[in-house]
Amino acid sequence: MRTARAAWLLGLATLVAGCATVEPPKSAAPKQKEEAVAKPETPAAKEQPTHQARERGTRKGGPRAIATRPINVKADCSFKDPTGYRGTMKLQVADAQVRQFEATVTVPEHGSCSFALRDFSQTAQMPNPVLRHRSNGCEVRVWEQGQRVTVAFVRCRDNCSSRGAFERLWPILANASNGSCG
């Protein structure tokens with residue numbers, strides 16, 4: 001029994017000692033400067049881009065900066081999901097200039113939101129069109145991601161019949177190739 005206990009204590013002491021950290025001894029003499037040894041570049045080091053190249057996205061074979069080009073889309077669509085959330089949108093953007101925009105979204109049990117171009121002025125074209133409501137600060141932002149065009153609403157509570165409707169207002173997605181909504 002005594003040997004088992006002694007072995008257990010020795011194991012516990014070894015475990016605790018393994019977790020301890022030891023500071024290196026401080027030498028009285030200051031360290032001499034070590035000569036810099038040139039290390040040969042590894043292939044991986046050669047592929048690493050510089051800071052400026054990373055910002056521009058110019059790494060060979062890596063991600064590139066998204067080209068800035070004017071948005072062109074025409075959509076006349078409606079959508080509905082299984083919960084009853086539904087809406088319609090007419091949108092025409094030519095060379096980043098919004099020519100037509102009307103949207104209505106109905107949120108079940110919470111109300112609806114509506115938007116019409118006549119109430120807005122376009123405040124930005126490139127890289128993404130932005131419409132600002134003439135009196136209440138609502139912004140409608142349009143951007144493109146591949147074949148999808150997103151129409152999002154910012155600070156647009158006054159365009160909705162209730163706070164609950166605006167809190168549940170999602171961006172509208174349109175397919176740039178066929179004008180459908182989803």
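Everything numeric in this text was worked out from a predicted model, so none of it was measured. (Residues numbered from 1 in each chain as written. Predicted model: local features only at pLDDT ≥ 70, side-chain atom pairs only at ≥ 80, totals over all residues. Heavy atoms only, no water.)

Chemist: What should I look at first to understand the pattern of salt bridges in this one?
Modeler: Side chains carrying opposite charge are able to pair once their charged atoms draw close together. Following the criterion strictly, the structure yields five salt bridges and no others. Salt-bridge contacts for Arg 69 lead to Glu 144; the nearest nitrogen and oxygen are separated by 3.7 Å. Highlighted residues: Arg 69 in the loop between helix 3 (51-56) and strand 1 (73-80) and Glu 144 in strand 7 (residues 139-145), separated in sequence by 75 residues. Residue class for Arg 69 comes out partly exposed when judged on its relative accessible area of 49%. (Salt bridge = Lys/Arg side-chain N within 4 Å of Asp/Glu carboxyl O. Helix = DSSP H or I, 4+ residues; strand = E, 2+ residues; numbered from the N terminus. Buried < 20%, exposed > 50% of the residue type's maximum accessible area, 1.4 Å probe, protein only.)

Chemist: What's the story with the pairing of strand 6 (residues 130-133) in this structure? I'm lost.
Modeler: Each regular strand carries side chains that alternate between the two faces of the sheet. For strand 5 (residues 120-124) and strand 6, the ladder comprises four bridges, and the chain directions are antiparallel. When the bridges of strand 6 are listed, Phe 120 appears paired with His 133. Counted along the chain from strand 5 to the antiparallel partner strand 6, the turn is five residues long. Inspection of the sheet shows strand 6 paired to strand 7 by three bridges, in the antiparallel sense. (Pairing = 2+ DSSP bridges.)

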